[in-house]
Amino acid sequence: MGIKMGLFYVNECHDGNYERAYGEMLEQIQYGEELGFESVWLAEHHFSAYGSMPSPQVAAAAISQITEKMDIGIGISILNFDNPVRIAEDYAMVDVLSKGRLKFGAGRGYQPMEAKGLGISLEKTRERYWEYVDIIQGLWNNDTFSYNGEFYSFENLMLTPKPVQKRIPFYHACISPESFDLMVEKNAQEFMVTPTLMVLDDVLEYTRRTRDRLLAKGIDPKIHMNLQMNIADDTAQAIKNVEQSMITYFDKVLELIPGAKGTQAPATYERFAEVAKEFDGPLNIGALNTGGVVILDSPQGAVNRLEPVEDAGIDSMSCWFRMGDLEHRQVMKAMKRFADEVMPYFKSPARRVNV
């Protein structure tokens, strides 16, 4: 089957120099296309050094003008934080600007600080999310569209512009056991996973089961995975390369999730609070690596550890090289090492090479 390899950015900016952070991201993306990465995925976040893309559609529009072949993925747009009609409009425009290269990923959000800052409740987020999914897809896929729901109602809306693609791929964020069940219930054609709330082996087992259940319903889903990683001569060097940057990253994100610092997690966010408790104490990057939450390894080690990802039916991946405050040249070095010595193995089974 093979895995299409891409890049991923929340684009953390811990020194407040956003001009530098955006410039480095764009340079890395251009370099990634030269190296053969087939996509780039962008994450929406607000009010924190953890992420500097409150509107990934703006970044996606810029990327569409400096790349020619890469798919432009959104991983993810937080639907509950905006008007679904505006989301549909913005990303239809991105699809036009990119000449049909958009892959849309969506979720309901999880950081209480973001929701509070935007004046949005974290109650009934799942209900809102699925209503917004219906609205966005209805507007993209029909000449005119009407809707009467719990949160939004309108009649005979027509998007201008319409997307280039007849159907924009729509990936649902899937990180908890409950969300995997929803993929089957909602007949998801695409979904995305990451070892955030569970170790990699558990993520892959849930992914296999979910894919098998969808196949039994006649749906062959496209599945995307996001993974933090660094490639070096050996595991010890890969850990050394990113250890401080990863500590910076995890220290920040663990301040932001529901249940952090003893706060009460809203309903349906309990698993986040459990993870916050599991990370209570000094971070052990080596243990995270062993559990597959991250992949810090040699090229051959990375190949060996990614083979089960392919076997689980995952057909695309975004590699999260730029994490924490990792220096620009270190990111580029890790990208090239991965592109030269890991990526060729996963191009396709018929063209595999030894690394």
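Quick notes on the rules
Residues numbered from 1 in each chain as written. Predicted model: local features only at pLDDT ≥ 70, side-chain atom pairs only at ≥ 80, totals over all residues. Heavy atoms only, no water. Axes fitted to C-alpha atoms, helices over the stretch in contact; angles between N-to-C directions. Helix = DSSP H or I, 4+ residues; strand = E, 2+ residues; numbered from the N terminus. Parallel < 35°, antiparallel > 145°, perpendicular 65-115°, else oblique. Left-handed = near helix turned anticlockwise from the far one by under 90°. Contact = heavy atoms within 4.5 Å. Nonpolar A, V, L, I, M, F, W, Y, C, P; charged D, E, K, R; others polar. Core = buried A, V, L, I, M, F, W, Y, C linked by side-chain atoms within 4.5 Å. Buried < 20%, exposed > 50% of the residue type's maximum accessible area, 1.4 Å probe, protein only. Salt bridge = Lys/Arg side-chain N within 4 Å of Asp/Glu carboxyl O. Phe/Tyr/Trp six-rings, centres within 6.5 Å; stacked < 30°, edge-to-face > 60°. Pairing = 2+ DSSP bridges. Right-handed = clockwise from strand over helix to strand, strands pointing away.

Trainee: Now, about the packing of helix H6 (residues 177-185) against helix H7 (residues 200-216): what can you tell me, with residues and values included?
Mentor: Axis separation between H6 and H7 bottoms out at 9 Å; the angle between their running directions is 15 degrees. It follows from the interaxial angle that H6 and H7 lie roughly parallel. Our pair here, H6 against H7, has a crossing hand that is right-handed. Contacts between H6 and H7 involve Pro177, Phe180, Asp181, Met183 and Val184 from the former and Val203, Tyr206, Thr207, Thr210, Arg213 and Leu214 from the latter. A breakdown of the residues in the contact of H6 with H7 according to their chemical character gives seven nonpolar, two polar and two charged.

Trainee: Explain the nonpolar core to me, using residue names and the numbers behind them.
Mentor: If you look at the biggest cluster of nonpolar residues, it comprises 107 residues, and the most contacted ones within it are Phe37 and Phe338. A total of eight residues in this core trace back to one element, the largest contributor, which is helix H5 (residues 125-141). Contact partners of Phe338, with chain neighbours within four places excluded, come to Met5, Phe37, Met229, Ile231, Leu306, Cys319, Phe321, Met343 and Pro344.

Trainee: Let's hear about the pattern of salt bridges: which residues, and what values?
Mentor: Applying the stated criterion to the full structure yields 16 salt bridges. Between Lys124 and Glu150 there is a salt bridge, with the nearest N and O atoms lying 2.5 Å from each other. One end of the pair, Lys124, is in the loop between helix H4 (112-117) and H5; the other, Glu150, is in the loop between strand E6 (145-148) and strand E7 (153-157), and 26 residues separate them in sequence. By relative accessible area, which is 53% here, Glu150 ends up exposed. In this structure, the salt-bridge partner of Arg208 is Glu205, at a minimum N-O distance of 3.3 Å. You can see Arg208 and its partner Glu205 sitting in helix H7, three residues apart, about one turn around the helix.

Trainee: Which residues make up the packing of aromatic side chains, and what values do they have?
Mentor: Following the criterion strictly, the structure yields 20 aromatic pairs and no others. Members of the aromatic cluster, joined through ring pairs, are Phe8, Tyr50, Tyr249 and Trp320.

Trainee: I'd like to hear about the pairing of strand E12 (residues 316-320), residue by residue, with values.
Mentor: E12 sits mainly inside the fold: five of its five residues count as buried. Burial along E12 is two-sided: the residues Ser316, Ser318 and Trp320 and Met317 and Cys319 are all buried. Alignment of strand E1 (residues 4-9) against E12, held across four bridges, turns out to be parallel. Its bridge partner being in E12, Met5 is matched across the sheet by Met317.

Trainee: Tell me about the pairing of strand E5 (residues 102-107), and please be specific about residues and values.
Mentor: Within E5, five of the six residues are buried, which leaves the element mostly enclosed by the surrounding structure. Pairing of strand E4 (residues 77-78) with E5 involves two bridges; the strand directions are parallel. Looking at E5, one finds that Ser77 is bridged to Ala106. For the handedness criterion, the β-α-β arrangement of E4, helix H3 (residues 84-97) and E5 is classed as right-handed. One ladder, built from three bridges, connects E5 with strand E8 (residues 170-173); its direction is parallel. Following the sheet pairing, Ala106 is matched in E8 by His172.

Trainee: Could you give an account of unusual backbone geometry, with specific residues and numbers?
Mentor: In this chain, Gly75 is followed by Ile76 through a cis amide linkage whose omega measures 15 degrees. Look at the link from Thr160 to Pro161: it is a cis peptide, with omega at 10 degrees. Residue placement: Pro161 occurs in the loop between E7 and E8. Phi is positive for Lys99, which is not a glycine, with a value near 60 degrees. Within the secondary structure, Lys99 sits in the loop between H3 and E5. Even without a glycine there, the phi angle at Asn187 is positive, about 55 degrees. By the element assignment, Asn187 lies in the loop between H6 and strand E9 (190-193).

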